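Each chain, letter by letter, is given below.
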Amino acid sequence: MFYHPKDTRDIYENNHNKIDQLWYRVHYFQQNSLQKDSDKRLVKLNKKISLSSRAKLILEEILSVKQFIASKYSSCHEFKIYEGRLQNKMVHGMGSAHVRETSITLHPLYGIPYIPASSIKGIVRNWVIQAYFNGKEDFLIIEEDHLSEDQKQVKILFIDLFGTEESRGAICFYDAFVEQNVQLVPDVLTVHFKDYYKGEAPPGDDQSTLPLSFYVIENNSFEFVLSVTKGCLKTKHSGLLPSQLAEVAGVWLEKALTEQGVGSKTSSGYGLFSSFEDITSQRLEEYQQQANKINHNKEKNEREAQKKAQEEQLKAKKAEMSSSDYLAFKIKNLGDDNESQALSKDEIYKNVLSFVENCEVTPAKALKEYWQRVGSWEVKKTKKKQQIKVSKIESILNGED
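What you see is a predicted model; the values in this text were computed from it and never measured. (Residues numbered from 1 in each chain as written. Predicted model: local features only at pLDDT ≥ 70, side-chain atom pairs only at ≥ 80, totals over all residues. Heavy atoms only, no water.)

## As for the overall build of the protein chain
Applicable threshold: Secondary structure elements follow DSSP: runs of H or I of four or more residues count as helices, runs of E of two or more count as strands, with numbering from the N terminus. Summary of the burial criterion: residues with accessible area below 20% of their type's maximum are buried, those above 50% are exposed, and those between are partly exposed, where the area comes from a 1.4 Å probe applied to protein chains only. Contacts were defined at the residue level, with two residues in contact if any of their heavy atoms lie within 4.5 Å. For the area figures, the Shrake-Rupley method with a 1.4 Å probe applies, and any residue is considered shielded solely by the protein chains shown.
Regarding its fold elements, the protein chain presents 14 helices and 10 strands. Split into buried and exposed, the 401 residues of the protein chain put 38% on the buried side. Counted over contacts in the protein chain with a minimum sequence separation of 6, partners at least 24 positions apart contribute 70%. Per element, the accessible surface of the protein chain, about 24200 Å² overall, is 47% carbon and sulfur.

## Comments concerning the side chain of T105
Quick note on the threshold: Each polar contact in these results corresponds to two N or O atoms within 3.5 Å; when the atoms are within protein, one needs to be able to donate a hydrogen and the other to accept it, and residues that are neighboring in sequence are counted only if both atoms are side-chain atoms.
Structurally, T105 can be placed in the loop between β3 (89-90) and β4 (114-115). Separated by 3.5 Å, the side chain of T105 and the backbone nitrogen of G93 make a polar contact. Not counting residues up to four positions away in its chain, the partners in contact with T105 are H92, G93, P113, Y114 and P116.

## Brief notes about the sheet that holds strand β9 (residues 221-229)
Quick reminder of the rule: At least two bridges found by DSSP between two strands is the condition for calling them paired. Fitted lines through C-alpha atoms give the axes, limited to the stretch in contact for helices. The angle between two N-to-C directions lies from 0 to 180 degrees.
In space, the four strands of this open sheet follow the order β5-β9-β2-β10, with antiparallel pairing throughout. Lying at the two open borders of the sheet, with one neighbouring strand each, are β5 (171-173) and β10 (273-278). Between one strand and the next, the sheet's axes are offset by a mean angle of 25°, whatever the strand orientation. Inspection of the sheet shows β5 paired to β9 by three bridges, in the antiparallel sense. Counterpart to I171 in the pairing with β9 is V228. Of the strands in this sheet, β2 (77-86), β5, β9 and β10 touch helix α8 (residues 242-260), which is tilted by about 150° from β9.

## Regarding the packing of helix α10 (residues 323-332) against helix α13 (residues 362-374)
Put simply, the test is: When an angle is under 35 degrees it counts as roughly parallel; over 145 it counts as roughly antiparallel; between 65 and 115 it counts as roughly perpendicular; any other value is oblique.
Where α10 meets α13, the axes come as close as 8 Å, and the angle between the chain directions of the two elements is 5°. In terms of orientation, α10 lies roughly parallel with respect to α13. Seen from α10, the contacting residues are S324, D325, L327, A328, I331 and K332; seen from α13, they are T362, P363, A366, L367, E369, Y370 and R373.

## Looking at the packing of helix α5 (residues 117-133) against helix α6 (residues 149-162)
The condition is simple: Each helix crossing is assigned a hand: it is left-handed if the near helix lies turned anticlockwise from the far helix by less than a right angle, otherwise right-handed if that turn is clockwise. Gly is placed with the polar residues, together with every amino acid not listed as nonpolar (Ala, Val, Leu, Ile, Met, Phe, Trp, Tyr, Cys and Pro) or charged (Asp, Glu, Lys and Arg).
Remark: α5 packs on α6, axes separated minimally by 11 Å, with the N-to-C direction vectors making an angle of 165°. The orientation of α5 relative to α6 falls into the category roughly antiparallel. Here α5 runs over α6; the crossing is left-handed. Note on element contacts: α6 touches α5 through Q151, V154, K155, F158 and F162, opposite K121, V124, R125, V128, I129, Y132 and F133. When grouped by side-chain class, the residues that make up the contact of α5 with α6 number eight nonpolar, one polar and three charged.

## Overview of the nonpolar core
Just so we agree on the cut-off: Here, nonpolar core means buried Ala, Val, Leu, Ile, Met, Phe, Trp, Tyr and Cys residues that are tied together by side-chain atoms lying within 4.5 Å of each other.
Core analysis: the biggest nonpolar cluster contains 57 residues, and I115, L161, I217, F222, F224, W252 and L253 have the highest contact counts within it. Not counting the four nearest positions on each side in its chain, L253 is found in contact with Y82, I120, V124, F224, L226 and F276. In terms of nonpolar packing, the next biggest core, distinct from the first, is built from 19 residues, A328, I348, A366 and I396 among them.

## Some details on the packing of aromatic side chains
The condition that has to hold: Any Phe, Tyr or Trp ring, taking Trp's six-membered ring, that has another such ring centre within 6.5 Å forms a pair; planes under 30 degrees apart are called stacked, those over 60 apart edge-to-face, and the others tilted. Any Lys NZ or Arg CZ found within 6 Å of a ring centre and within 35 degrees of that ring's normal is scored as a charge over the ring.
What the rule picks out here adds up to 11 aromatic pairs. With a centroid separation of 5.3 Å and 25° between ring planes, the pair formed by Y82 and F276 is classed as stacked. Here Y82, found in strand β2, pairs with F276, found in strand β10; they are 194 residues apart in sequence, far enough to count as distant. Between F224 and F276, the aromatic rings sit 5.8 Å apart at their centres with planes inclined by 35°, giving tilted as the arrangement. Of this pair, F224 sits in strand β9 while F276 is found in strand β10, placing the two residues 52 residues apart along the sequence. The exposure class of F224 is buried, given its relative accessible area of 2%. A relative accessible area of 14% means that F276 is categorised as buried. One Lys or Arg, K265, reaches over the ring of Y270 and ends 4.9 Å from the middle of that ring. Across from the ring centre of Y349, 5.6 Å away, lies the NZ or CZ of K389, which sits over that ring.

## Looking at the confidence of the model for the protein chain
Applicable threshold: pLDDT is a residue-level measure of predictor confidence that goes from 0 to 100.
Confidence along the protein chain averages 83 in pLDDT terms, with 90% of residues attaining 70 or more. When mean pLDDT is taken per element in the protein chain, α5 scores highest with 94 and helix α3 (residues 38-41) scores lowest with 65.

## Comments concerning α5
To be explicit about the condition: For a helix, the expected span equals 1.5 Å multiplied by the residue count minus one.
Taking 1.5 Å of rise per residue, 17 residues should cover 24 Å, and α5 covers 24 Å from first to last C-alpha, within 8% of that figure. Those residues of α5 lying buried are A117, S119, I120, I123, V124, W127, V128, I129 and F133. Turning to α5, the residues buried within the fold contact β4, α6, β5, β6 (176-177), β9 and α8. With its phi angle positive at about 55°, N134 sits one or two positions after the end of α5.

Here it is in structure tokens:
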């Protein structure tokens, strides 16, 4: 039975050791047969799966894009960046549709483990509701007379950050990617009363256990990024600055990840973070250095492209001009930099004199105009060599030579 185009299946089956896209290795070709017995039906999980060198390069590129965003938009957004380390294991997306009945969230394009921004926003929002409003979201819309002073303050902050149905909030969360040395490690969930969970029988010792294998991420770090809009917040009620709102959001994020966790099986300790460090200053400095390097390279490339274009233009002009006219054209297009000025006083000056011998003074006129433009025509007496050259060109143009 084929579930893929035949050419796709053939490529994978004949080159499965060369394909490093984790999405394929985890989500596809996991089934041996259609037997109900999962031990025979499913392919056994690999012991461990690491990111390939290509996937690590992709992850590095993703982080570079995040660097660009943070450096580019830091003028209009207040960024906060944190590094969080898992306390033990994490499995995100376990309940998603999968042939194994267990899954793990991988980026659909890059095949790299990550926590979607929507999940991060959801757990922070849920943590606030659980921690301050007893898990009842209705508390956010009831009259403030029924709330404690702490709840009133949190409600104001909550509305500023997450918004309401009438207005958007100021907070923005970003996808959190795992560090490069990540490994997918096999884990097992054993269902003891499968008939009970199916609603077919009460729980009892006569029911056989059903082990389900799945991948988890173990003891790895994630980089979490959030930002708060610096622009005017028409709905802002707290009176806090964007930087202060970002600090509040960072505290809530840390609390949510260390107390509540993210992903599946959090009640069993999965998805909890043990450490959380604010690395905003360090990362923004790195991002700015990277941005400066990119701008420097961009300016360098533009200069080289401009120089190349001028060279091409000179070649085209040379083909359609006389030698003297071409030299004059070349002089007019000299730059103001020290290298060009030095060239005008040495090689080009000698070429101008050689044309004078054939009664061609057009290059001499161009050289005078160039020297006037760069401040080398009227020179101090201490610059005797240049004075002699200026006098020579002046006498040529006055018809004295």
